[in-house]
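# What the coordinates show
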Amino acid sequence: MISYRVELFRPEAHLYRVNLSIPDPSPGQRVGLPVWIPGSYLVREFARHLSSLQATQGGRAVGVRQLDKANWQVDCTADGALELVYLVYAYDSSVRAAWLDRGRGFFNGTSLFLRVDGCEQQPHEMVLRELPKGWQVATAMRPAKIDARGRGRYLADDYDELVDHPVELGDFWRGHFVAHGIEHEFVVRGALPDFDGERLLQETQRICEAEIEFWHADRKPPFQRYLFLLNAVEDGYGGLEHRASTALIANRRDLPQRGRAAASEGHVKLLGLISHEYFHTWNVKRLRPAEFERYDYRSENYTELLWFFEGFTSYYDDLLLLRSGLIDRATYMRLVGKTIGGVLAAPGRKLQSVAQSSFDAWVKYYRQDENTPNATISYYTKGALVALAIDLTLRSEKRGSLDQVMRALWQRSTGGPISEADIAQALQQVSGRSFAEELAAWVHGTDDLPLLELLERFGITMQHEAATLAERLGLKVSESALTGVRLTQVWRGGVGEASGLAPGDELLGVDDWRLRRLDDALRLLSPGQSGQWLVSRDQRLLRLPFVMPDESAAAPAAVKLDAQTSPAKPAAALQKAWLAG
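Quick look at the overall build of the protein now. Regarding its fold elements, the protein presents 16 helices and 31 strands. Here the protein has a C-alpha radius of gyration of 26 Å; the compact-globule value for 581 residues is 25 Å, and the two agree. For the protein, the C-alpha atoms occupy an extent of roughly 85 × 65 × 50 Å along the three principal directions. Relative to its full complement of 581 residues, the protein shows a buried share of 57%.

Looking at the element boundaries, Asn 108 is found in the loop between β10 (104-107) and α1 (109-112). Setting aside residues up to four positions removed in sequence, Asn 108 forms contacts with Ile 37, Val 95, Arg 96, Ala 97, Pro 166 and His 242.

A few words on the sheet that holds strand β13 (residues 136-138). Here we have four strands laid out as an open sheet, ordered β9-β10-β16-β13, and antiparallel in their pairing. Only two strands of the sheet have a single neighbouring strand rather than two, namely β9 (98-100) and β13. The mean angle between the axes of side-by-side strands here comes to 15°, regardless of whether they run parallel or antiparallel. As judged from the three bridges shared by β13 and strand β16 (residues 167-170), these two strands associate in the antiparallel manner. The residue bridging Ala 138 from the neighbouring strand is Glu 168, located in β16.

The next subject is unusual backbone geometry. A positive phi angle, close to 55°, is found at Lys 398, a residue other than glycine. Looking at the element boundaries, Lys 398 is found in the loop between α9 (381-396) and α10 (402-413). Of note, Asp 538 is a non-glycine position whose phi angle comes to about 50°, a positive value. For Asp 538, a relative accessible area of 69% puts it in the exposed group.

Going through the model one piece at a time under the given rule, you end up with three cavities of 30 Å³ or more. Here the largest cavity is characterised by a volume of approximately 70 Å³. Taken together, Ser 93, Ser 94, Val 95, Arg 104, Phe 106, Glu 168, Leu 229, Leu 230, Asn 231, Ala 247, Leu 248 and Ile 249 make up the lining of the largest cavity. For the lining of the largest cavity, the secondary structure elements donating two or more residues are β10, β19 (225-233) and β21 (245-251).

According to the stated counting rule, one finds 34 salt bridges in the structure shown. Of the charged contacts, one joins Arg 5 and Glu 7 as a salt bridge, the two residues approaching to 3.4 Å between their closest N and O atoms. By relative accessible area, Glu 7 is classed as partly exposed at 22%. Here Glu 125 and Arg 153 are joined by a salt bridge, their closest N and O atoms 2.7 Å apart. With Glu 125 in strand β12 (residues 124-128) and Arg 153 in strand β15 (residues 152-156), this pair connects stretches of sequence that are 28 residues apart. For Arg 153, a relative accessible area of 28% gives the class partly exposed. Linked through salt bridges whose partners overlap, the residues forming this network are Arg 115, Asp 117, Glu 120 and Arg 298.

Before going further, it helps to examine helix α6 (residues 329-344). Counted at 1.5 Å a residue, the expected span for α6 with its 16 residues is 22 Å, and the 22 Å between its end C-alpha atoms agrees. Every buried residue of α6 is listed here: Thr 331, Tyr 332, Met 333, Leu 335, Val 336, Gly 337, Ile 340, Gly 341, Val 343 and Leu 344.

What follows covers the packing of α6 against α9. Where α6 contacts α9, the two axes come as close as 9 Å, and the packing angle between them is 120°. Between α6 and α9, the angle is such that the two are oblique. Between α6 and α9 lies a crossing of left-handed hand. Of the residues in α9, those touching α6 at Val 336, Thr 339, Ile 340 and Val 343 are Thr 381, Lys 382, Leu 385 and Leu 388. Considering only residue class, the contact of α6 with α9 consists of five nonpolar, two polar and one charged.

Procedures and definitions
- Residues numbered from 1 in each chain as written.
- Predicted model: local features only at pLDDT ≥ 70, side-chain atom pairs only at ≥ 80, totals over all residues.
- Heavy atoms only, no water.
- Helix = DSSP H or I, 4+ residues; strand = E, 2+ residues; numbered from the N terminus.
- Rg over C-alpha atoms; globule rule 2.2 N^0.38 Å.
- Buried < 20%, exposed > 50% of the residue type's maximum accessible area, 1.4 Å probe, protein only.
- Contact = heavy atoms within 4.5 Å.
- Pairing = 2+ DSSP bridges.
- Axes fitted to C-alpha atoms, helices over the stretch in contact; angles between N-to-C directions.
- 1 Å grid on protein atoms, 1.4 Å probe; cavity = no way out; pocket = protein on both sides within 12 Å on 5 of 7 lines; lining within 4 Å.
- Points joined across faces, edges and corners; volume = space filled by probe spheres on them.
- Salt bridge = Lys/Arg side-chain N within 4 Å of Asp/Glu carboxyl O.
- Expected span 1.5 Å × (residues − 1).
- Parallel < 35°, antiparallel > 145°, perpendicular 65-115°, else oblique.
- Left-handed = near helix turned anticlockwise from the far one by under 90°.
- Nonpolar A, V, L, I, M, F, W, Y, C, P; charged D, E, K, R; others polar.

Structure (structure tokens):
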């Protein structure tokens, strides 16, 4: 069995020490650290934090030679166990890597555990022995022999499973609930004293029950236990899915507060995150792209299907909050309207399909810059709208629903790898007709989706709210007393781009007037009137002519959906069936 003993070597220096034991090494055994973590599609070069790698065999030091950025070869024989010892620097507070200080520890196996070439399919174990006083262990990895605080041995069937169980260490709040016979645990670190843990458990239980019922008529999910790990911080948001757990990070002010019944916008966002990551337990951890049948940890793993696995999950995360009674219809319509508006505001939607966006995730989605909205579209947001369009089409044609398609995919693949052809076949199986035309246009094309027409069939109107001045100019700005009016993005084809404005510019004034905020310009020039920007760029002052646009100059980013209170009977029936599930 491949064994890893993890030690909190020097918490004040953020250093773990890992002892790796290989009982039957190959001559010249090779080991390597992953360059990425599944679920986060960017080469993150975890090996940059590994140091002091040493090896012994039979009590004798043996040489270690680095082959490339993340792989090593050990000068060993096949006679006797090989022992490796190394340090890992851990000071990344995200859900993707590792953290260690005197107050908390957290790690993903992809950051700590060297992969032993040729042994990936063998059983692996993780051993945690020494912890500071008061510290506990939380992980979904299978325990072999542990004490009340979680210290001891944990087992995994192979390397994939070993690195698919994040580990939380420290003094944290923990609570439990049962959803359809499955034990669930919620661990929260960093919450404020007025954190309402019981409410969080009750809300999460409703989400879990709704999603288990969504996928399984018999209410028997393919796991025996599930763990939520939440790190509450001053400012942060995100999550990473795993086969029996999820690591979350959120603003501590978005946690439920004792004595406060109303859910804030931030709290609804947190519930959506919980819903999203739990849905991934089926849709990406089990149902997954065919290209991910076996992960290659050495390099990028490309797929064009993130629009389905992330986008469709994004569609269902908020819809299942509505169906479980955690948000009302008006809140759901606001969330959908925000997604539609965000997609329509991105000029890049006309240049990049969601299939291409999925493939380009490794170099574009996780490396966003000032040009991102001009050149790309998010497979999360437009993927969610593709799901919405397909669901509304199926339901309005009385050909089933996307719910049935998702369950058909699960059943036909037994929760395993799928391709786009499998998605197309499931759509045809449920609907009785081909969706090839829609998939070609909506997934592989760049035209806008027919959402206005589809929503109207369900008694839902879509209105564009009045464009802000920044939207009319095609700009995104930051404003503060210290930095003034500074441009963060200039949208393709907008008035700002035509006048020569660039990201990073500071807008000092219009004509002879000083600007304190962008909207001051509305009081200085009327629509159609010419003026000049006074711009500071790299310590130089520039005067750039422009014409003040009217409200029709650009599509507004804000979209409002209104579910009519008394739609026609056919629309009312469609709307009720869709939203209630």
